[in-house]
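Chains, contacts and geometry: an overview
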Amino acid sequence: MKENLRKITAFTAAVTLMFGAVSCGKSENEEISDSQESSESSESSSSEKSVIKVANIATQHGEFLSKAKGFETDKYTVDFVNYLENAEREADDGEDIDALAKETLQRDMISGDCPDVIISNGDFIMTMLDDGYFTDLYPLMDAGSVSRDAFLPNILEGFERDGKLPAISSTFVLSTAAAKTVYIAKDYESWTLEEMNTLCETLPDNMQLLNIQHTKTDLPNYMLYKIIRDSVDFESNVCDFHSAFLDAFDFIDEFNIECNISEMTETEQLEVYEREADGLKKGTALLSEINISGINAHVGQQIYDDFGGADITYVGYPSDNGCGAVAETETMLMYAILENSDCKEGAWEFICEYFSEGYLLNETVKMRGIPVIESVIDSAMEYNKWNNLSINSPFSQTLDGEILSQIDEKSKQALKDYIMSVEINPYFDTQLIHIAREEYIAVINGEKSPEEAADMLENRISLYLNERG
């Protein structure tokens, strides 16, 4: 970990010097002769197009790559450099391909070979986020074809830093949890740890908390998923694991199962599977973790059919701040434009290709994320019910095609309202989740006390935050 941190620090310092000295275009201090002016004037009046250099260091599917490499307008064309694909060809056996792609881009940037656009998962974007490397996208939005009003408001709020928009995504995935409203009232949407603790004390004795709870780590994974995130403040570079983190273990100690299903006999395992079958419908299980990967058949199954069509409450994960949903930053694809790009308008035009309704509608029905454009969510909600990818596709029907079960309009509207209401936090370093999980698993296995784990987490994560800068 320290080696990676040193690389990031060295990269940041080097790019800082580079940004002060050179530009991806012409140097502002370069003197231009009359002959140069004449030559450049002649070139600008020619039919040559401006080239937008795009650096990609994220895994992409074929439709994305085809759109990127085929981008061309009357004014612009693209030079698409797929650093990840290049790294796959060049990597030695066992070498970390993602790390090699990032290091290669870093070397190119330090040498002055800067892209106009970087496409990456959030971890790389975060290494440059607060140092002025990325241009504010708001002025480009205001002057371009996709305006601020087209975006979900909570997306723009989440991606903002100090009133500016340094990066944006075209889709995102939400992880949350839901329960039947008959057990958890709508007032407890995005419940806190205290609210969860109070409500679960009144549950029937035969009801297990999670609809799938096979190991002694399942409940801790659920309980701590958001609390860990709430315990770290990236903007202030501080953390606190001696409050909600410790309180969660009181709940875990009371409600957690004692063994893993792999340690049970075959007969005992069958009993578990039989009890869990339709547990949400029968009322023998309270919570279902839900992965909202778009507006599609899969999410319809999770929020409607699994609960037998009953009203549900999106309780989310117990949180310290009353926001129970998690925007999955590990899978979130981000776009950023370099501040020293001399082709910002063209770069934004390139990015806008990924906000088009046709592209986003295809993405969301194929479980590649929730669109950040509200009108596309509306279109996906009305997608053809006879397409098996559609949120409207029937869950059951007769042999002659009569629909017996299908999601209703009320459930779809509740889903949209929830998506638009939750807080989006795309700037989270997921390495901290892995660090935290090491420590709390040690508690579950009886190797440490919760207090010892909290002490260790504060030491490890404080060091990580300080070295990260």
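This is a predicted model, so every value here is computed, not measured.

Turning our attention to the environment of Lys-180. Positionally, Lys-180 belongs in strand 6 (residues 174–180). At 2.9 Å, the side chain of Lys-180 and the backbone oxygen of Lys-281 are in polar contact.

Attention now moves to a negative patch on the surface. The grouping of Glu-201, Asp-240, Asp-247, Asp-250, Asp-253, Glu-254, Asp-320, Glu-451, Glu-452 and Asp-455 at the surface amounts to a negative patch. Going through the elements one at a time, helix 11 (244–255) and helix 20 (450–468) are the ones with two or more residues in the negative patch. For the negative patch, the element with the most residues is helix 11, which contributes four residues. Note on placement: Glu-254 falls in helix 11. Using a relative accessible area of 45% as the deciding quantity, one classes Glu-254 as partly exposed.

Okay, the packing of aromatic side chains next. Applying the stated criterion to the full structure yields 16 aromatic pairs. Ring geometry for Phe-151 and Phe-355: centres 5.0 Å apart, planes at 80 degrees, overall edge-to-face. With Phe-151 in the loop between helix 7 (138–143) and helix 8 (153–159) and Phe-355 in the loop between helix 15 (344–352) and helix 16 (357–365), this residue pair connects regions lying 204 residues apart in the sequence. Of the two residues, Phe-151 and Phe-355, both sit in the buried class. Residues Tyr-354 and Tyr-359 carry aromatic rings whose centres are separated by 5.1 Å and whose planes lie at 85 degrees to one another, so their mutual orientation is edge-to-face.

Our next topic: the confidence of the model for the chain. Here the chain shows a mean pLDDT of 89. Residues at 70 or above account for 90%. Note that residues 1–6 has pLDDT below 50 and, in this model, seven contacts with residues that lie over four places away or in other chains. Overall, residues 20–46 carries pLDDT values under 50, and its contacts beyond four positions in sequence, including any with other chains, amount to 14 contacts.

Pairing between side chains of opposite charge can happen when their charged atoms approach one another. A complete count under the given rule lists 20 salt bridges for this structure. Glu-353 is the partner of Lys-67 in a salt bridge, and the nearest nitrogen-oxygen pair spans 3.8 Å. Taken as a pair, Lys-67 in helix 3 (residues 62–69) and Glu-353 in the loop between helix 15 and helix 16 lie far apart in primary sequence, 286 residues in all. For Lys-67, a relative accessible area of 24% corresponds to the partly exposed category.

This part is about the side chain of Asn-211. Here Asn-211 is to be found in the loop between strand 7 (208–210) and helix 10 (218–230). Using a relative accessible area of 18% as the deciding quantity, one classes Asn-211 as buried. Ignoring any residue separated from it by four or fewer positions in sequence, one finds Asn-211 in contact with Glu-276, Leu-280, Ala-285, Leu-287, Ser-288 and Glu-289.

Moving on, we get to helix 20. The terminal C-alpha atoms of helix 20 lie 26 Å apart, and with 19 residues this matches the ideal 27 Å at 1.5 Å per residue to within 8%. Looking at helix 20, one finds that the buried residues are Pro-450, Ala-453, Ala-454, Leu-457, Ile-461, Tyr-464 and Leu-465. Relative to the axis of helix 20, the buried residues are bounded by an arc of 105 degrees and lie together on one face. For helix 20, the exposed residues lying more than 90 degrees away from the buried face are Asn-459 and Asn-466.

In this section: the sheet that holds strand 2 (residues 76–82). Strand order across the open sheet formed by five strands is 2-1-3-13-4, with mixed pairing between neighbours. The two strands at the open ends of the sheet, each matched to only one other strand, are strand 2 and strand 4 (168–169).

What follows deals with the packing of helix 17 (residues 374–381) against helix 18 (residues 409–421). A packed helix pair is summarised by two numbers, namely the angle formed by the two axes and the spacing between the axes. The N-to-C vectors of helix 17 and helix 18 enclose an angle of 160 degrees; their axes lie 11 Å apart at closest approach. Between helix 17 and helix 18, the crossing angle belongs to the class labelled roughly antiparallel. For the element pair helix 17 and helix 18, the recorded crossing hand is right-handed. Within the contact between the two elements, helix 17 uses Glu-374, Ile-377, Asp-378 and Met-381 and helix 18 uses Lys-412, Leu-415, Lys-416, Ile-419 and Met-420.

Another point: the environment of Glu-328. Looking at the secondary structure, you find Glu-328 in the loop between strand 12 (326–327) and strand 13 (333–337). On the accessibility criterion, Glu-328 (11% relative accessible area) is buried. For the pair formed by Glu-328 and Val-173, sequence separation is 155 residues and the distance between their alpha carbons is 5.6 Å. The contact partners of Glu-328, leaving out residues within four places of it in the chain, are Val-173, Ser-175, Tyr-225 and Arg-229.

Before going further, it helps to spend a moment on helix 9 (residues 193–200). If you check which residues of helix 9 are buried, you get Leu-193, Met-196, Leu-199 and Cys-200. Looking straight down helix 9, one finds its buried side chains confined to an arc of 135 degrees; they lie on one side. Facing away from the buried side of helix 9 by more than 90 degrees, the exposed set consists of Glu-194 and Thr-198. Along its buried surface, helix 9 packs onto strand 7, helix 10, helix 11 and strand 10 (285–292).

Counting buried residues along strand 13, five of its five residues qualify, which places the element largely inside the surrounding structure. Because side chains alternate across strand 13, one face comprises the buried residues Leu-333, Tyr-335 and Ile-337, and the other comprises Met-334 and Ala-336, equally buried. Both strand 4 and strand 13 contribute to a ladder of two bridges, which runs antiparallel. Paired with Ser-169 across the two strands is Met-334, which belongs to strand 13.

Conventions we followed
- Residues numbered from 1 in each chain as written.
- Predicted model: local features only at pLDDT ≥ 70, side-chain atom pairs only at ≥ 80, totals over all residues.
- Heavy atoms only, no water.
- Helix = DSSP H or I, 4+ residues; strand = E, 2+ residues; numbered from the N terminus.
- Polar contact = N/O pair within 3.5 Å; in protein donor to acceptor, adjacent residues only side chain to side chain.
- Patch = residues over 30% accessible without salt bridge, like charges linked within 9 Å, V, L, I, M, F, W, Y side chains within 5 Å.
- Areas by Shrake-Rupley, 256 points an atom, 1.4 Å probe, with all protein chains shown as cover.
- Salt bridge = Lys/Arg side-chain N within 4 Å of Asp/Glu carboxyl O.
- Lys, Arg positive; Asp, Glu negative; His and termini not counted.
- Charge placed at Lys NZ, Arg CZ, Asp CG, Glu CD.
- Buried < 20%, exposed > 50% of the residue type's maximum accessible area, 1.4 Å probe, protein only.
- Phe/Tyr/Trp six-rings, centres within 6.5 Å; stacked < 30°, edge-to-face > 60°.
- pLDDT = per-residue confidence, 0-100.
- Contact = heavy atoms within 4.5 Å.
- Expected span 1.5 Å × (residues − 1).
- Arc of directions from axis to C-beta.
- Pairing = 2+ DSSP bridges.
- Axes fitted to C-alpha atoms, helices over the stretch in contact; angles between N-to-C directions.
- Parallel < 35°, antiparallel > 145°, perpendicular 65-115°, else oblique.
- Left-handed = near helix turned anticlockwise from the far one by under 90°.

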